[in-house]
Amino acid sequence: MRPADRVVDYYEQAGPDYRAWSPHFNMHFGYYRRGMNPLWLEPMLAAMNDEILRGLDIPAGRPARVLDLGCGLGATARQLVRRVPGLSVTGLTIVPGQAMTGNHMSAAEGLDDRVRLIHADYTAIPLPDHSVDYAYAIESVCHAGGSDKAAFVRELCRVLRPGGRFVIADGFMKHARPLPRWLERVRARVCEGWAIEVFPELAAVTGRLREGGIEMLEVRDISWQVAPSVVHVPRVALRFLLDELRLTGALRLGPLRRGNLVAPLLGIVLGLARSHFGYHLVSGRR
């Protein structure tokens, strides 16, 4: 099976389970700011969307076209257009059901004129060169091929106009050296559970971006800001299992749904290996 097909299968089968993580289908980890209540998960998920918006640095009062590379059901896109008048977002997803369902959700919120999700691959973006003002990717770059995510970077650089900005938020390997054997097994299980071929490697990805004519603006390890949302994983997993048992009378989860349950739990272990792995915010300008 091609890696892209596995990603589609994963989100088609396990994607609906993300409702247990976020009623709004924010399919990513959160961002903790001082003063927030770490017991409330959804505000931290929304804060990650706001951190993306901060990194894009969109001037107030100016219409702007934004591209969401790996949009899921469009939760981030809808939040961004609610925050910024005149903003429109086009989201790309290789999962047909996500585009259809996400567009229905946008229409239900009266945002379908400003948020449009399309079935397309971010390694073959159906837009002209230099046609996009801003772009972002939250926990979707990891699904691209290779540790340098070369095909993703190539298309991002192609569609960004001169002066255009982007933000990436994702988990990154901090080096290309072999991992300790036990940690490599953990990493492999996490990748398998989340339909990831290989996590992005920070220096390889930023190197590819520079080769594509990108000026790096920020490369920031935000693992500690993400950690309070990660702490919710065991609670959400337990609640999901109890709800599944109550609704169906048995735990008959297929392999992809089981993997989606195990991956974030093992991801805690991977995330604790701070010299090897970190959650980073990467931003740049064309």
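Worth saying up front: this structure is predicted, and the values here are computed from it rather than measured.

> Requested: an account of the pairing of strand 2 (residues 87–93), with residues and values cited.
For strand 2, a buried count of 6 out of 7 residues is recorded, marking the element as mostly surrounded by other parts of the structure. In this structure, strand 1 (residues 64–69) lies alongside strand 2, joined through 6 bridges in parallel fashion. In the strand pairing of strand 2, V66 is matched with V89. In this view, the connection linking strand 1 to its parallel neighbour strand 2 by way of helix 3 (residues 75–83) has right-handed handedness. Direction of pairing for strand 2 relative to strand 3 (residues 115–119): parallel, over a ladder of 5 bridges. When the bridges of strand 3 are listed, T90 appears paired with R116. Note on the crossover from strand 2 through helix 4 (residues 96–108) to strand 3: the handedness is right-handed.

> Give a detailed account of the environment of M27, specifying residues and quantitative values.
Mapping M27 onto the fold places it in the loop between helix 1 (3–14) and helix 2 (41–56). Among the residues examined, M27 registers a relative accessible area of 15% and is labelled buried. Sequence separation between M27 and L73 is 46 residues, and the spatial gap between their C-alpha atoms is 8.4 Å. In this structure, M27 is in contact with Y11, G15, Y18, G72, L73, Q98 and E139, ignoring residues within four places of it in sequence.

> Explain the nonpolar core residue by residue, including any values.
Counting 66 residues, the largest nonpolar core has L56, Y136, W194 and F199 as its most contacted members. The element contributing the most residues to this core is helix 2, with 8 residues. Here Y136 is in contact with I52, L56, V66, L67, D68, L69, T76, A77, L80, V89 and V167, once residues within four sequence places are set aside. Counting 28 residues, the second largest nonpolar core, distinct from the first, contains A120, A144, L160 and V282.

> Explain the packing of aromatic side chains to me, using residue names and the numbers behind them.
For the coordinates displayed, the defined rule picks out 6 aromatic pairs. Look at W21 and F29: their rings are 5.7 Å apart centre to centre, the planes differ by 90°, and that puts the pair in the edge-to-face class. According to the relative accessible area criterion, W21 is buried, its value standing at 12%. An angle of 80° between the planes, with centres 5.0 Å apart, marks the rings of Y122 and F152 as edge-to-face. Separated by 30 residues along the polypeptide, Y122 in the loop between strand 3 and strand 4 (132–138) and F152 in helix 5 (residues 150–159) bring together distant segments of the chain.

> How would you explain the layout of surface pockets if you had to name every residue and give the values?
If you add up the space inside the second largest pocket, you get close to 200 Å³. Contributing to the lining of the second largest pocket are H24, N26, E42, A46, A75, R78, Q79, R82, R83, M105 and E109. Of all the secondary structure elements, the ones that give two or more residues to the lining of the second largest pocket are helix 2 and helix 3. When grouped by side-chain class, the residues that make up the lining of the second largest pocket number 3 nonpolar, 3 polar and 5 charged.

> An account of the packing of helix 6 (residues 181–193) against helix 10 (residues 255–272) is requested, with residue identities and associated values reported.
Two elements in contact, helix 6 and helix 10, have axes whose closest approach is 8 Å; the angle formed by their N-to-C orientations is 145°. In the crossing of helix 6 with helix 10, the sense of the turn from one axis to the other is left-handed. Every residue of helix 10 that contacts helix 6 at W182, L183, V186, R187, R189, V190 and G193 is listed here: G259, N260, V262, A263, L266, G267, V269 and L270. Tallied by class, the residues present in the contact of helix 6 with helix 10 amount to 9 nonpolar, 4 polar and 2 charged.

> Could you give an account of the sheet that holds strand 5 (residues 160–173), with specific residues and numbers?
Judged by pairing direction, the sheet is mixed, and its 7 strands sit side by side in the order 3-2-1-4-5-7-6 without closing on themselves. In this open sheet, the two strands that pair with only one neighbour each are strand 3 and strand 6 (215–221). For this sheet, the mean inter-axis angle between neighbouring strands, taken without regard to orientation, is 15°. Seen against the sheet, helix 7 (residues 202–211) touches strand 5, strand 6 and strand 7 (277–285) and runs at an angle of roughly 165° to strand 6.

Procedures and definitions
- Residues numbered from 1 in each chain as written.
- Predicted model: local features only at pLDDT ≥ 70, side-chain atom pairs only at ≥ 80, totals over all residues.
- Heavy atoms only, no water.
- Buried < 20%, exposed > 50% of the residue type's maximum accessible area, 1.4 Å probe, protein only.
- Helix = DSSP H or I, 4+ residues; strand = E, 2+ residues; numbered from the N terminus.
- Pairing = 2+ DSSP bridges.
- Right-handed = clockwise from strand over helix to strand, strands pointing away.
- Contact = heavy atoms within 4.5 Å.
- Core = buried A, V, L, I, M, F, W, Y, C linked by side-chain atoms within 4.5 Å.
- Phe/Tyr/Trp six-rings, centres within 6.5 Å; stacked < 30°, edge-to-face > 60°.
- 1 Å grid on protein atoms, 1.4 Å probe; cavity = no way out; pocket = protein on both sides within 12 Å on 5 of 7 lines; lining within 4 Å.
- Points joined across faces, edges and corners; volume = space filled by probe spheres on them.
- Nonpolar A, V, L, I, M, F, W, Y, C, P; charged D, E, K, R; others polar.
- Axes fitted to C-alpha atoms, helices over the stretch in contact; angles between N-to-C directions.
- Left-handed = near helix turned anticlockwise from the far one by under 90°.

Honestly, that's just the spatial picture; any functional story needs more than this.
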